[in-house]
Structures are given as structure tokens and as C-alpha cells.
Amino acid sequence: MKVVIQRCSSAQVTIDQSIVAQINQGLVILIGVGKEDNHEDADYLIQKIIQMRIFSDEEGKMNRSVTDVSGDVVLVSQFTLFADTKKGNRPSFIQSAPPDQAKALYDYFVETCKKQFTGKVETGEFGADMKVSLVNDGPVTIIMDTTNK
């Protein structure tokens, strides 16, 4: 699995001009599922993300987690994180999991996150054409890939 984590002061997801997810301070997490990914990968990422100290403390140092700052989370599926751009100008997505497999693991990620995270967990809609907007705070953007644990 690959994730892009963005610390935000606000974010929202819109589908067909309707807001489906909205948070203030917290994290926007784009989630890509690969062919070889499994529940262990999702569990690993969730634990790391919930505990990751990327919010500022009183001294301005990144020393607090999203839980510590009572932040919220928006989870958005994004198969394009597995884009292969080595050949030509059109990305290949051959390493992305097929839609049924990806949706099942994305749903597992969402449900597990809701069980383990104390803040609000909002989501986009798997497979939908979404508009994601956020105010990236910092900016802080972190990329994680479970092949590099």
C-alpha cells in the first residue's frame, strides 16, 4: 500500500458538487492499494499514521500526533499512487490492485481506522470522481509505502 499523508488546517471532499467529507485540523490521507497488499499492510499504516508526530507542540517542534491535537482524518482512495511512468508519456497502473480487491482493502482500512482512532474519520467514495480540497498546514506532506517498512 502507498499513502500520501497531508497535515491540514481544513479539508473537504466533494462529489457532484455535494460535500461528502469535511474536517478542520487533521490529516488528509490518499490511499493506493497494490496487487500484493493485504490487511497486515493496512494495519501497519494505520498504527504509524495515528502515532506519527507531525503536529507542532508549544515550542513549534513536530512532536504531537493527530490524536494529541484532537484532529480528524479524511481517507480518500487513489489508485493513481501506483502510476508507473517509466515508459512513454501515459502512466501505467498495472501494479494497482483490481477494483474489487482494492475496494475490499480500502474498506478494511476505513473500518479499522474508525475502530482505532478516537477522532472523526471521514471518507470520499471509492471509485468516484472526487474533488479534494485542503489547506496544507506547513506544508507537511509525507509519503509511505509498505514495501519500505
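The residue count restarts for each chain, going from 1 along the sequence in the order it is written. Since the coordinates come from a predicted model, pLDDT governs what is reported: local features require at least 70, and pairs of side-chain atoms require 80 or more to be given and counted, while whole-chain, interface and lining totals use all residues. Neither water nor hydrogens contribute to the side-chain values; these are computed over all heavy atoms in the structure.

## A look at the layout of surface pockets
Here a cavity is any set of points on a 1 Å grid over the protein atoms alone where a 1.4 Å probe fits but cannot get out, and a pocket is any open set with protein on both sides within 12 Å along at least 5 of 7 lines; a residue lines the site when it has an atom within 4 Å of a point. Grid points are joined across faces, edges and corners, and a volume is the space filled by probe spheres set on the points. Here the largest pocket defines a volume of roughly 380 Å³. Lining the largest pocket are 21 residues, and of these S77, Q78, F79, G127 and M130 sit closest to its centre. Elements that contribute at least two residues to the lining of the largest pocket include exactly β3 (26–32), β6 (72–77), α2 (99–116) and β8 (131–145). With three residues, the top contributor of residues to the lining of the largest pocket is α2. Starting at the N terminus, helices and strands are each numbered in turn, a helix being any DSSP run of H or I of at least four residues and a strand any DSSP run of E of at least two.

## A word on the pairing of β3
Per-residue accessibility, obtained with a 1.4 Å probe over protein chains only, is compared with the maximum for each type, and a residue is labelled buried under 20%, exposed over 50%, and partly exposed between these values. Extensive coverage of β3 is indicated by the burial of seven of its seven residues. Note that strand β1 (residues 2–15) and β3 share seven bridges and pair antiparallel. When the sheet's bridge partners are listed, I5 is paired in β3 with I29. As judged from the six bridges shared by β3 and β6, these two strands associate in the parallel manner. Note that in β6 the partner of G26 across the bridge is D72. DSSP bridges decide pairing: two strands pair if at least two such bridges lie between them.

## A look at α2
If you check α2, its first and last C-alpha atoms are 25 Å apart, about what 18 residues at 1.5 Å a residue would give, namely 26 Å. Restricting attention to buried positions, one finds in α2 the residues A102, L105, Y106, F109, V110, T112 and C113. How far a helix is expected to stretch is found by multiplying one less than its residue total by 1.5 Å.

## Describing empty space enclosed by the protein
Following the criterion strictly, the structure yields one cavity of 30 Å³ or more and no others. Along its surface, the largest cavity is lined by I29, I49, I50, V66, V73, F109, C113 and F117. Of all elements in the fold, only α1 (39–51) and α2 reach the threshold of two or more residues within the lining of the largest cavity. Residue composition of the lining of the largest cavity, by class: eight nonpolar, no polar and no charged. Throughout this entry, Asp, Glu, Lys and Arg are counted as charged residues, while Ala, Val, Leu, Ile, Met, Phe, Trp, Tyr, Cys and Pro are counted as nonpolar. The remaining residues, Gly among them, count as polar.

## Overview of the pairing of β1
Most of β1 is tucked away: 10 of the 14 residues are buried. Of the strand pairs in this sheet, β1 and β8 are connected by 11 bridges, and their pairing is antiparallel. Bridge assignment links Q12 to a residue of β8, and that residue is S133. In this sheet, strand β2 (residues 18–23) lies alongside β1 in antiparallel orientation, the contact comprising five bridges. Pairing of A11 across the sheet is with I23, part of β2. Linkage of β1 to β2, two consecutive antiparallel strands, is achieved through a turn of two residues, within which D16 is found at a positive phi near 50°.

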